[in-house]
Amino acid sequence: MAQENLSVVLHSKGDLRLKQNDCHVLHVDVLLQMHSVGICGSDVHYWQHGRIGDFVLTKPMVLGHEAAGTVVRIGSQVKHLKVGDRVAIEPGVPREMDEFFKSGRYNLSPTIFFCATPPDDGNLCQYYTHSANFCYKLPDNVTFEEGALIEPLSVGIHACRRAGVTIGSSVLICGAGPIGLVCLLVAKAMGASQVVITDLFPDRLAKAKELGADFQVTVSKSDSPQQLAKKVEDLLGVQPQITIECTGAESCLQTAIYGTRSGGVVVLVGLGAEMATVPLINAAVREVDIRGVFRYCNTWPMAIAMLASGKVNVKPLVTHRFPLEQAVQAFKTTRQGLGIKVMLKCDKNDSNP
């Protein structure tokens, strides 16, 4: 590719660089000029630790997987997109038609390509090539930044689907970071009548209130999981039917189980240590179902419909914006926990949302 392609590349743990990269278009791909890419906690974790669980950085990798851009070239077999289309990118692309693909749960395929998960490059760059089938055209009334935020929003959609959120549901959300907040937005859009959200930080809870949380609980480190569960029950007058755990912290896993109504569902979204001590027998004798969440599948069309209809508003989540050239500063801002979502702007000629 002739034009320059400035990219944010993680060379090794702690070594984040801006450098030029090549990209090539295959028959089923589209070449995108990237516009807006959000920084995820996983991007920062790879930068700081060089690994997440079994995914270990062994060679330089382009970061970024919350993204939207414009089609500038299409492969010969691409029929549903054209040059100039604005698209949101689903970062997980199945490599083979295995049992998980066939059953519609392609996110569980062990060989799936996923942006910015070793060894696969992400899309925090000026130009990026992606499978056309996993690029979704954005309606005119949905901005690039909203398109980029479909990725975290999809985590919320998948979590709420797994939890069975529906009209009248009562929901506890542990953690009011970006993922907790999108779970809140989706739960309310799916009809949850009451949502309680917990966090250590009052400013995050204030944002949750702004986004529609019915109750906010400030967590004290001196609170036991049982005490916190009791606070939630006192607020609602009854235990919630569903708990969506978004922190990965062991104490929050315990709170989620103690705090969920008998016969209810706990969904685990946050990832913490591989081993955790939890009151499993408490869950078993009360028939509290514990369900895992791994990324998402089949969520982009629903997310786009939610945004285009105005049923969900993700715009307040973006609190900081940086040009691509200031990527290191943007990553430092995210690491410090400032604001909610930091957005990198990859098109020098268009810094609009």
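Remember, predicted model here, so these are calculated numbers, not experimental data. (Residues numbered from 1 in each chain as written. Predicted model: local features only at pLDDT ≥ 70, side-chain atom pairs only at ≥ 80, totals over all residues. Heavy atoms only, no water.)

1. Looking at helix α11 (residues 327-335)
For step 1, the next point in the chain: Three or more residues of α11 are buried, namely Ala 327, Ala 330, Phe 331, Thr 333 and Thr 334. Projected onto a plane normal to the axis of α11, the buried residues spread over an arc of 155 degrees and lie on a single side.
For step 2, the next point in the chain: Where α11 is buried, its residues contact β1 (6-12), β2 (15-20), α1 (41-49), β19 (318-323) and β20 (341-345).
For step 3, the next point in the chain: Taken from the residues just after α11, Gly 337 is the one with a positive phi, measuring 75 degrees. (Buried < 20%, exposed > 50% of the residue type's maximum accessible area, 1.4 Å probe, protein only. Helix = DSSP H or I, 4+ residues; strand = E, 2+ residues; numbered from the N terminus. Arc of directions from axis to C-beta. Contact = heavy atoms within 4.5 Å.)

2. Comments concerning the sheet that holds β1
For step 1, the next point in the chain: Taken in spatial order, the 3 strands line up as β2-β1-β6 in an open sheet, and their pairing is antiparallel. In this open sheet, the two strands that pair with only one neighbour each are β2 and β6 (61-62).
For step 2, the next point in the chain: Relative to β2, β1 runs antiparallel, the two sharing 6 bridges. In the strand pairing of β2, Ser 7 is matched with Lys 19. (Pairing = 2+ DSSP bridges.)

3. Overview of the pairing of strand β18 (residues 289-292)
For step 1, the next point in the chain: Relative to β18, strand β17 (residues 265-268) runs parallel, the two sharing 4 bridges. Following the sheet pairing, Val 267 is matched in β18 by Arg 291.

4. A few points about unusual backbone geometry
For step 1, the next point in the chain: Here the residue pair Pro 118 and Pro 119 is connected by a cis peptide bond, since its omega of 5 degrees sits within 30 degrees of zero.
For step 2, the next point in the chain: You can see Pro 119 is positioned in the loop between β10 (113-114) and β11 (127-131).
For step 3, the next point in the chain: Positive phi, normally seen in glycine, also occurs at Ala 116, with a value near 60 degrees.
For step 4, the next point in the chain: Residue position: Ala 116 is located in the loop between β10 and β11.

5. Regarding the packing of aromatic side chains
For step 1, the next point in the chain: This model, assessed by the stated rule, comprises 5 aromatic pairs.
For step 2, the next point in the chain: Considering the side-chain rings of Phe 114 and Tyr 296, the 6.3 Å spacing of their centres and the 40 degrees angle between planes classify their relative orientation as tilted. Residue Phe 114 is located in strand β10, and its partner Tyr 296 is located in the loop between β18 and α10 (300-309); the two are separated by 182 residues in the primary sequence.
For step 3, the next point in the chain: Given the relative accessible area of 6%, Phe 114 is considered buried.
For step 4, the next point in the chain: These aromatic residues form a ring-pair network of at least three members: Phe 114, Tyr 136, Tyr 296 and Trp 300.
For step 5, the next point in the chain: Of note, Arg 86 hangs over the ring of Phe 144, and the distance from its end group to the ring centre comes to 4.6 Å.
For step 6, the next point in the chain: Directly above the ring of Phe 114 sits Arg 295, whose terminal nitrogen or CZ lies 3.7 Å from the centroid. (Phe/Tyr/Trp six-rings, centres within 6.5 Å; stacked < 30°, edge-to-face > 60°. Lys NZ or Arg CZ within 6 Å of the ring centre and 35° of its normal.)

6. Concerning the UniProt feature "domain: Enoyl reductase (ER)" (unreviewed entry) in the protein
For step 1, the next point in the chain: As annotated in UniProt, the feature "domain: Enoyl reductase (ER)" (unreviewed entry) corresponds to residues 14-344 in the numbering used here.
For step 2, the next point in the chain: Taken end to end, residues 14-344 has its terminal C-alpha atoms 19 Å apart, with 30% of it in helix and 25% in strand. (UniProt positions renumbered as here; feature names shortened; annotations may be inferred.)

7. Here's the deal with the nonpolar core
In globular proteins that are soluble, nonpolar side chains generally tend to be buried together.
For step 1, the next point in the chain: Counting residues in each nonpolar core, the largest one holds 95 residues, and the members touching the most others are Leu 32, Leu 153, Val 165, Ile 173, Leu 181, Ile 244 and Phe 331.
For step 2, the next point in the chain: Beyond its immediate sequence surroundings of up to four residues, Ile 173 is in contact with Gly 180, Cys 183, Leu 184, Val 195, Val 196, Ile 197, Thr 198, Ile 244 and Cys 246.
For step 3, the next point in the chain: Counting 9 residues, the second largest nonpolar core, distinct from the first, contains Leu 172, Val 196, Val 217 and Leu 236. (Core = buried A, V, L, I, M, F, W, Y, C linked by side-chain atoms within 4.5 Å.)

8. Description of the side chain of Asp 120
For step 1, the next point in the chain: Of note, Asp 120 is situated in the loop between β10 and β11.
For step 2, the next point in the chain: Accessibility expressed as a relative area gives 8% for Asp 120, which makes it buried.
For step 3, the next point in the chain: In this structure Asp 120 touches Met 61, Arg 95, Ile 112, Phe 113, Phe 114 and Cys 115, once residues within four positions along its chain are discounted.

9. Comments concerning the sheet that holds β17
For step 1, the next point in the chain: Pairing is parallel across the open sheet formed by 6 strands, whose spatial order is β15-β14-β13-β16-β17-β18. Whereas interior strands pair on both sides, the edge strands pair on one side only; in this sheet they are β15 (215-218) and β18. With strand direction ignored, the average angle separating the axes of adjacent strands in the sheet is 20 degrees.
For step 2, the next point in the chain: Pairing of strand β13 (residues 170-174) with strand β16 (residues 242-245), which is carried by 4 bridges, proceeds in the parallel orientation. When the sheet's bridge partners are listed, Ile 173 is paired in β16 with Ile 244.
For step 3, the next point in the chain: Contacting β16, β17 and β18, helix α4 (residues 150-163) runs over the sheet at an angle of about 150 degrees to β17.
For step 4, the next point in the chain: In the packing of helix α7 (residues 225-236) onto the sheet, the strands contacted are β13, β14 (194-199) and β15, and the crossing angle to β15 comes to about 155 degrees. (Axes fitted to C-alpha atoms, helices over the stretch in contact; angles between N-to-C directions.)

10. Some points on the packing of α1 against α11
For step 1, the next point in the chain: Relative to each other, α1 and α11 sit at 100 degrees, their axes nearing to 10 Å. The angle between α1 and α11 places the two elements in the roughly perpendicular class. Contacts between α1 and α11 involve Asp 43, Val 44, Trp 47 and Gln 48 on the former and, on the latter, Phe 331, Lys 332, Thr 334 and Arg 335. (Parallel < 35°, antiparallel > 145°, perpendicular 65-115°, else oblique.)

11. Observations concerning a nonpolar patch on the surface
For step 1, the next point in the chain: Judged by side-chain polarity, Leu 280, Ile 281, Val 285 and Ile 290 come together as a nonpolar surface patch covering roughly 410 Å² of accessible area.
For step 2, the next point in the chain: As for its placement among the helices and strands, Leu 280 is situated in helix α9 (residues 280-285). (Patch = residues over 30% accessible without salt bridge, like charges linked within 9 Å, V, L, I, M, F, W, Y side chains within 5 Å. Areas by Shrake-Rupley, 256 points an atom, 1.4 Å probe, with all protein chains shown as cover. Salt bridge = Lys/Arg side-chain N within 4 Å of Asp/Glu carboxyl O.)

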